[in-house]
Amino acid sequence: MPKLPATRSEAVFADAKPAYTPVQALTEANRCLYCADAPCVQACPTAINIPEFIRKIATGNLRGSARTIFDANIFGMSCARVCPVEVLCVGKCVYNEMDVPPIQIGKLQRYATDAAYADGERFAEAGPDTGKKVALLGGGPASLAAAHELRRQGHACTIFEQGDRLGGLSSSGVAPYKMKADRALEEVEWVLGIGGVELRCGVRVGVDVTVDQLLADFDAVFIGVGLGPDRLFHLDGAELAGIRGAVDWIAEMKTAKVPCEGIQRAIVIGGGNTAVDAVRELLGLGIPEVTMAYRGGEDEMSGYEHEWAAAKVAGARAAFRVQPIAYEGEEGAVRAVRMLRLDAARRPLPGTEHSMPAELVLLAIGQSRLGELFAGVQGVTLDHGKVVVDHDGATQHPKIFAGGDCANGGKEVVNAVAEGKRAAQAIDRLLRGGKAS
Amino acid sequence: MSTKISPDLTANCAGIVTPNPFWLASAPPTNSGDQIMRAFDAGWGGAVWKTLGQPIQNVSSRFGGLHYRGTRGIGFNNIELITDRPLETNLREIAEVKRRYPKHGVIVSLMVETREEWKDLIKRSIDAGADGLELNFGCPHGMCERGMGSAVGQEPRLNETITAWAAEYSTVPVLVKLTPNVDDIVPHGIAAKRGGADGVSLINTIKSIIGVNIDRMVPEPRVASRSTNGGYCGPAVKPIALHMVGALAREESFGLPISGIGGISNWRDAVEFILLGASSVQVCTEVMLRGYRVVEDMIEGLTEYMREHGFERLDQMIGRAVPGFSEWGDLDLNYETVAKIDPVSCIGCQACVVACHDGAHQCIHPPKEGRVPVVDESECVGCNLCQIVCPVPGCITMAEVDNGFEPATWNEFCAGEATLRPKKGVHE
Ligand SMILES: Cc1cc2nc3c(=O)[nH]c(=O)nc-3n(C[C@H](O)[C@H](O)[C@H](O)COP(=O)(O)OP(=O)(O)OC[C@H]3O[C@@H](n4cnc5c(N)ncnc54)[C@H](O)[C@@H]3O)c2cc1C
Ligand SMILES: Cc1cc2nc3c(=O)[nH]c(=O)nc-3n(C[C@H](O)[C@H](O)[C@H](O)COP(=O)(O)O)c2cc1C
Ligand code: SF4
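### Here we look at the interface of chain A and chain B
Okay, so step 1: Of the residues lining the interface, 17 residues belong to chain A; the matching set on chain B comes to 18 residues.
Okay, so step 2: At the junction of chain A with chain B, the criterion picks out seven salt bridges.
Okay, so step 3: For A:Lys56, the salt bridge is made with B:Glu296, and the minimal N-O distance between the two is 2.6 Å.
Okay, so step 4: Joining chain A to chain B, the criterion identifies 14 residue pairs in polar contact (both at pLDDT 80 or more).
Okay, so step 5: Of the residues belonging to the side of chain A that touches chain B, the class tally is four nonpolar, six polar and seven charged.

### Brief notes about the environment of A:Gln162
Residues and elements named next belong to chain A.
Okay, so step 1: Among the secondary structure elements, Gln 162 is positioned in the loop between strand S2 (156-161) and helix H9 (169-172).
Okay, so step 2: In this structure Gln 162 comes out as exposed when scored by relative accessible area, which is 51%.
Okay, so step 3: Separated by 177 residues in sequence, Gln 162 and Met 339 have C-alpha atoms that sit 37 Å apart.
Okay, so step 4: If near-sequence neighbours (up to four positions away) are discounted, Gln 162 is found in contact with Gly 202, Val 203 and Arg 204.
Okay, so step 5: Looking at Gln 162, its side chain comes within polar contact range of the side chain of Arg 204, at 3.1 Å.

### Observations regarding the sheet that holds strand S13 (residues 360-363) of chain A
Residues and elements named next belong to chain A.
Okay, so step 1: With parallel pairing, the five strands of this open sheet are ordered in space as S6-S13-S7-S8-S9. Each of the sheet's edge strands pairs with one partner strand only, and the pair in question is strand S6 (243-245) and strand S9 (317-320). Taken pair by pair, the neighbouring strands of this sheet meet at an average axis angle of 20°, ignoring direction.
Okay, so step 2: Judged from the three bridges that link them, S6 and S13 form a sheet pairing that is parallel. Residue pairing in the sheet places Ile 243 in a bridge with Val 361 of S13.
Okay, so step 3: Along the sheet face, helix H12 (residues 246-255) touches S6 and S13 and points at about 85° away from the line of S6.
Okay, so step 4: This element, helix H13 (residues 273-284), spans strand S7 (265-269), strand S8 (289-294) and S13 of the sheet and lies at about 170° to S8.

### Structural notes on the domain arrangement of chain A
When the parts of a complex come together, some accessible area is lost, and that lost area is often taken as the interface size.
All names here are of chain A.
Okay, so step 1: Its domain assignment divides chain A into domain 1 (9-118), domain 2 (133-228 + 368-431) and domain 3 (232-365).
Okay, so step 2: Placing the centre of domain 1 and that of domain 3 at their C-alpha centroids yields a distance of 34 Å.
Okay, so step 3: At the junction of the two partners, domain 1 supplies eight residues and domain 3 supplies eleven residues.
Okay, so step 4: Both sides of the domain 1 and domain 3 interface together cover about 780 Å² of buried area, and 63% of this is carbon and sulfur.
Okay, so step 5: Summed over the shared surface of domain 1 and domain 3, the number is one salt bridge.

### Here we look at the sheet that holds strand S6 (residues 71-78) of chain B
Residues and elements named next belong to chain B.
Okay, so step 1: The strand order S5-S6-S14-S11 describes an open sheet built from four strands, whose pairing is antiparallel. Unpaired on one side and paired on the other, strand S5 (63-68) and strand S11 (206-208) mark the two borders of the sheet. Direction aside, the axes of adjacent strands within the sheet are offset by 45° on average.

### Focus on the pairing of strand S4 (residues 46-52) of chain B
All names here are of chain B.
Okay, so step 1: With seven of seven residues buried, S4 is to be regarded as a mostly interior element.
Okay, so step 2: Pairing analysis gives two bridges linking strand S3 (residues 22-24) to S4, with the strands arranged parallel. When the sheet's bridge partners are listed, Trp 23 is paired in S4 with Gly 46.
Okay, so step 3: Inspection of the sheet shows S4 paired to strand S7 (residues 105-110) by five bridges, in the parallel sense. Looking across to S7, one finds that Trp 49 is bridged to Val 108.

Analysis parameters
- Numbers given to residues run from 1 along each chain, matching the order in which its sequence is written.
- Both sets of labels track the order of writing: A upward for chains, 1 upward for ligands.
- Under the rules for a predicted model, residues below a pLDDT of 70 receive no local features and side-chain atom pairs below 80 are neither given nor counted, while totals for whole chains, interfaces and linings still include all residues.
- Excluding hydrogens and water, the side-chain values take into account all heavy atoms of the structure.
- The contact criterion used throughout is that any non-hydrogen atoms of two residues lie within 4.5 Å.
- Salt bridges, as used here, are contacts in which a Lys or Arg side-chain nitrogen is within 4 Å of a carboxyl oxygen on Asp or Glu.
- Identification of polar contacts relies on pairs of N or O atoms within 3.5 Å, with a donor-acceptor requirement for protein atoms, meaning one able to donate a hydrogen and the other able to accept it, and with residues adjacent in sequence counted only if both atoms are side-chain atoms.
- Classification convention: Asp, Glu, Lys, Arg as charged; Ala, Val, Leu, Ile, Met, Phe, Trp, Tyr, Cys, Pro as nonpolar; all other residues, Gly among them, as polar.
- In this description a helix means any DSSP run of H or I spanning at least four residues, a strand means any run of E spanning at least two, and both kinds are numbered starting from the N terminus.
- Only protein chains enter the accessibility calculation, which uses a 1.4 Å probe. A residue is then buried if its area is under 20% of the maximum for its type, exposed if over 50%, and partly exposed in between.
- For two strands to count as paired, DSSP must find a minimum of two bridges between them.
- Where helices are involved, their axes are fitted lines through C-alpha atoms of the stretch in contact, as for all axes, and angles between N-to-C directions lie from 0 to 180°.
- As used throughout, domain bounds are those supplied by an automatic or database domain assignment.
- Take the accessible area each of two parts loses on contact, using a 1.4 Å probe, and add the two losses: that sum is the buried area.

As structure tokens, then:
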């Protein structure tokens with residue numbers, strides 16, 4: 001994988017949630033009530049035994065703590081940083097019920113997993129060779145988690161990735177104040193440390209190789225291609241420089257240098273998590289005036305409340321109930337977005353047209369879906385571009401499984417990991433001659 | 001990186017062999033076969049069945065907890081008696097557990113009165129499949145009023161007599177469970193040995209009143225308008241238990257295997273008991289408060305500890321701290337330490353200042369400037385108090401001082417063979 005430049009834009013960010021010192025970790029770990037049938041575990045898509053790993057921190061069994069985490073979730077190190085714990089485990093901590101601050105599960109998980117990484121500790125080993133081969137499409141968290149689990153069972157794995165780096169959005173999408181790309185790539189190496197995973201980077205499935213070919217060469221296929229490029233508005237002026245998809249811009253910010261010179265005002269269009277991340281990132285890069293423009297009200301935003309609250313603390317501005325109708329520019333570069341106000345039912349309010357000046361416009365209105373890639377594959381059905389799977393990630397084709405964003409429509413890293421692992425377990429059952437599900 | 005040894009946790013305590021040294025102590029967690037099988041599934045290596053005897057009637061309100069500065073259950077007491085289930089039920093379940101878990105240890109705890117009763121119960125327990133017996137000479141409440149439990153354990157001759165009956169009738173190893181409610185544990189261990197015991201278990205609970213309800217003006221735990229003394233256990237009793245285990249382990253005339261009990265809550269506690277001579281450890285309170293699942297960390301923590309210290313088998317570590325447990329008169333009076341405060345990590349709470357001024361020898365002083373206290377090393381007696389109260393790990397260290405004096409113990413000094421260093425902190 002090509003090295004990341006040290007001068008990339010994301011390098012300026014510091015951790016929004018800094019690492020615990022040993023005293024902090026012990027103090028927090030000793031506060032855990034060690035609940036039985038714990039709500040935090042139920043809220044974790046990978047069902048990490050949270051009370052147990054925290055107890056192990058408290059008793060000084062740090063290695064055991066990491067073992068408990070990785071046994072459930074091989075991406076435990078990044079999930080500790082990037083999971084929206086406020087709405088997952090931490091949000092369900094029983095302390096919330098008594099208005100006592102909940103246990104900082106993510107920070108404790110980071111404490112234990114960072115220690116394991118620092119020690120060069122690896123817990124899982126590859127199982128004895130089964131002679132079976134699985135192709136994994138896409139090199140993001142879903143495929144990597146599936147590959148790791150398949151290697152534990154002894155199946156040979158080949159990952160087909162269109163880009164030149166692995167990790168998917170975990171390395172190219174996650175906000176740098178949660179985790180930077182180098183740490184994500186380190187995790188990829190660590191996960192692949194189990195051995196026996198062949199990498200085929202720069203291969204685009206559907207273009208360079210077809211699913212049918214893969215079906216002929218492999219015993220099973222896992223689809224983990226995630227979502228497609230940013231959706232864009234086809235408005236007048238869309239060709240102007242300075243109008244970009246947010247995910248595309250974030251990827252460049254994380255792995256290279258995005259130009260910021262001369263940008264006084266930026267507008268991010270959307271109200272989801274990508275929009276909120278982009279706003280915080282722009283502010284962090286020193287853009288003086290950053291506005292999120294959303295077609296709904298503040299209470300309708302799909303971005304997490306805690307993330308948006310943090311963006312506001314960082315200085316974010318917002319324009320609610322507005323919709324872009326055209327871009328305005330000078331000398332080929334965008335200078336403003338022409339907006340229209342909407343009512344509560346999102347109907348345009350006549351006579352409310354106005355211009356919002358901006359030298360950079362990021363569109364965070366969703367990513368397209370890659371389902372069409374598999375439209376012709378027998379047994380693979382699509383629902384609004386999502387690959388349709390059952391609980392085990394099985395499609396209607398007996399040898400094809402899927403998981404992660406391409407199947408769930410776009411959730412979190414932890415969901416991709418859980419789904420990849422479950423699908424791998426189903427593939428293992430299939431390859432061992434049992435029924436897949 | 002961990003070294004590559006995978007330690008063998010197999011325990012052998014007085015001939016009772018279990019997959020690991022972690023046993024459940026005779027108490028509510030071992031009331032029934034169903035519970036014990038769940039415990040074995042969770043990882044426990046052995047279980048001492050809740051004491052069998054003439055079934056009893058218990059009171060409502062049985063336990064009391066000691067909470068300290070926001071931590072619940074640092075101490076625990078109970079006024080319950082031995083099993084209240086029919087003997088036949090217990091024996092049937094013992095047989096079932098042994099059939100399903102042949103490799104795990106089932107030790108049956110017993111407490112009856114007459115020789116005939118002991119003979120009968122021992123035979124039936126062994127017929128049911130017991131891997132060992134534990135004679136409950138320890139219960140310090142209720143049963144002792146009926147001439148059993150600690151009433152036996154406190155009387156070396158009774159202890160020896162009944163142990164001898166058991167040794168005569170038993171074909172499996174016999175452990176005698178000792179009561180800590182005695183002034184010196186050693187004669188009681190020796191009595192069990194003379195009676196023919198294969199090993200001892202200790203400690204049972206300590207006679208206690210867990211608290212007084214200051215509004216109702218009745219001790220706890222309250223049964224209607226009264227209470228009674230109960231048996232104290234849990235983390236708070238660990239130091240007492242460690243001492244008693246160590247006292248027997250270092251007694252040359254004793255020499256029997258020891259099953260260590262008392263306040264064991266995690267793998268570190270277990271390691272301490274093993275280093276002081278225990279060849280298995282038993283747990284009650286921690287399981288009562290948190291469930292069988294705590295054994296996972298105990299096993300894993302012990303394994304990692306053994307790996308780190310290069311122990312391949314348990315017997316390589318049993319008793320390793322015993323030689324270091326000596327008489328006061330054999331301690332080196334010329335060994336000198338002084339407190340050192342790390343100015344970087346000090347948070348300036350001055351807890352050490354007040355502790356040393358009021359509770360020790362007035363040799364840590366507030367600084368003229370800033371918040372980092374100053375140790376007067378010429379007066380510091382090296383008592384550890386400041387280090388104990390300091391909330392920042394590693395901030396106060398006790399540094400060894402080379403004072404030029406040869407090691408000298410009190411016993412050597414009395415024999416006229418030593419020169420002692422000058423005293424410090426006396427403020428004459
Ligand atoms: C801006 C942004 C911020 C995010 N922040 C967080 C966060 O803080 N916390 C969190 O938990 N989640 C976050 N997410 C979501 C998270 O990153 C994804 O849910 C997760 O990465 C999905 O994993 P995946 O493996 O399914 O897909 P991806 O991570 O998208 O990986 C798919 C891979 O497949 C490759 N691929 C696609 N098509 C082909 C093809 N035809 N042939 C070969 N390879 C192909 C892609 O190049 C990519 O590497 C964020 C997402 C975005 C967009
Ligand atoms: C509720 C309760 C009941 C107990 N019952 C018995 C018993 O029947 N027989 C026995 O030998 N010890 C009994 N004990 C003592 C325990 O086995 C053990 O020796 C003691 O609790 C110390 O261990 P701990 O600190 O781990 O709890 C009981 C303890 C408790 C708390
Ligand atoms: S612990 Fe169980 S038996 Fe005891 S008082 Fe509570 S509910 Fe009743």
